[in-house]
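# Results of the structural survey
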Amino acid sequence: MSATVFVSFSSADASLANSIYTYLNQHGIRALKAPEDIRPGQDWAGAIAAMIDAASHMVLIWTSGSMASKEVAKELTLAMQSNTVIIPFQVEDLAPAGAWRYHLANLHWLQAHNTDHDTACRSLLDQIKGIEPSTTNQLIAPRRSNKGAGALIAL
């Protein structure tokens, strides 16, 4: 199965998200994100929901901006409902607070704040290629989509 990855990020981190999006696409992983993959005239919320439903993985770019973003929180909830493999890509040495603690409690994080960007992106790529949703354990709520079994795990 070929991975499709939805990149979730705060608008404050758009430059970093663009870099990760480009890196994944250049290395054989189909990456999706807004606004690049939303057609003009398309309903924004519906397009994001469809991208998340189509994704096997979600990269959650974790920064203070994403922790403050209600949109990123909605994307995480949709990914959890779709049993998407969630990979928190920790850019800042920042622990989740509030509801984030609950939603991210079971996940192991890809530490990107203590290495250079290229090394972090290579590690992300390796992890995405190494984790197939159909081979992971289901940890969270029952599936609400018709996708194959998946899990909320991270690296």
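Here, the structure is the one placed above.
Residues numbered from 1 in each chain as written. Predicted model: local features only at pLDDT ≥ 70, side-chain atom pairs only at ≥ 80, totals over all residues. Heavy atoms only, no water.

With that settled, the discussion passes to the pattern of salt bridges. Evaluation of the coordinates by the stated rule reveals 2 salt bridges. A salt bridge links Lys33 to Glu36, with the nearest nitrogen and oxygen atoms 2.7 Å apart. Since its relative accessible area comes to 1%, Lys33 is described here as buried. The residue Lys74 makes a salt bridge to Glu71 at a minimum N-O spacing of 3.0 Å. Separated by 3 residues within a single helix, Lys74 and Glu71 lie in helix α4 (residues 70–81), roughly one turn from each other. Of the residues examined, Glu71 reaches a relative accessible area of 46% and is grouped as partly exposed. (Salt bridge = Lys/Arg side-chain N within 4 Å of Asp/Glu carboxyl O. Buried < 20%, exposed > 50% of the residue type's maximum accessible area, 1.4 Å probe, protein only. Helix = DSSP H or I, 4+ residues; strand = E, 2+ residues; numbered from the N terminus.)

Taken in spatial order, the 5 strands make up an open sheet running β2-β1-β3-β4-β5, and their pairing is parallel. What marks the edges here is a single partner per strand, and that holds for β2 (30–32) and β5 (110–111). Inspection of the sheet shows strand β1 (residues 4–8) paired to β2 by 3 bridges, in the parallel sense. Looking at the pairing, Val5 lines up with Ala31 of β2. Sitting on the sheet, α4 touches β1, β3 (57–62) and β4 (85–90), and the angle it makes with β3 is about 155°. (Pairing = 2+ DSSP bridges. Contact = heavy atoms within 4.5 Å. Axes fitted to C-alpha atoms, helices over the stretch in contact; angles between N-to-C directions.)

Glancing now at the side chain of Lys33. Mapped onto the fold, Lys33 is located in the loop between β2 and α2 (44–54). Polar contacts involving the side chain of Lys33 include one to the side chain of Asn18, which spans 2.7 Å. In this structure Lys33 touches Phe6, Val7, Phe9, Ala17, Asn18, Tyr21 and Met51, once residues within four positions along its chain are discounted. (Polar contact = N/O pair within 3.5 Å; in protein donor to acceptor, adjacent residues only side chain to side chain.)

Most of β4 sits inside the fold, with 6 of its 6 residues counted as buried. Bridge count between β3 and β4: 6 bridges; the pairing is parallel. Residue pairing for β4: Trp62 is matched across the bridge by Gln90. Two strands pair when backbone bridges link them, and β4 and β5 are joined in this way by 2 bridges, in the parallel orientation. Following the sheet pairing, Gln90 is matched in β5 by Gln111. Once the chain exits β4 it traverses helix α5 (residues 99–104) before rejoining the sheet at β5, and the crossover so formed is right-handed. (Right-handed = clockwise from strand over helix to strand, strands pointing away.)

Before going further, it helps to examine the packing of aromatic side chains. Evaluation of the coordinates by the stated rule reveals 2 aromatic pairs. Ring geometry for Trp62 against Trp100: centres 5.0 Å apart, planes inclined by 65°, an arrangement best described as edge-to-face. Note that Trp62 is positioned in strand β3 and Trp100 in helix α5, a separation of 38 residues in sequence. On the basis of relative accessible area, Trp62 is assigned to the buried category, the value being 0%. Taking NZ or CZ as reference, Lys33 lies 5.5 Å from the ring centre of Tyr21, over its face. (Phe/Tyr/Trp six-rings, centres within 6.5 Å; stacked < 30°, edge-to-face > 60°. Lys NZ or Arg CZ within 6 Å of the ring centre and 35° of its normal.)

Taken residue by residue, α2 has Ala47, Ile48, Met51 and Ile52 as its buried positions. Projected onto a plane normal to the axis of α2, the buried residues spread over an arc of 135° and lie on a single side. (Arc of directions from axis to C-beta.)

Here the focus is the nonpolar core. Ranked by internal contacts, the top residues of the largest apolar core, which has 24 residues, are Ile20, Leu24, Ile61, Phe89, Leu124 and Ile128. Contributions of two or more residues to this core are made by β1, α1 (14–26), β3, β4 and α6 (117–130). Of the residues forming this core, the biggest block, 6 residues, is contributed by α1. One finds Phe6, Ala47, Ile48 and Ile86 within the second-largest nonpolar core, a separate group that totals 22 residues. (Core = buried A, V, L, I, M, F, W, Y, C linked by side-chain atoms within 4.5 Å.)

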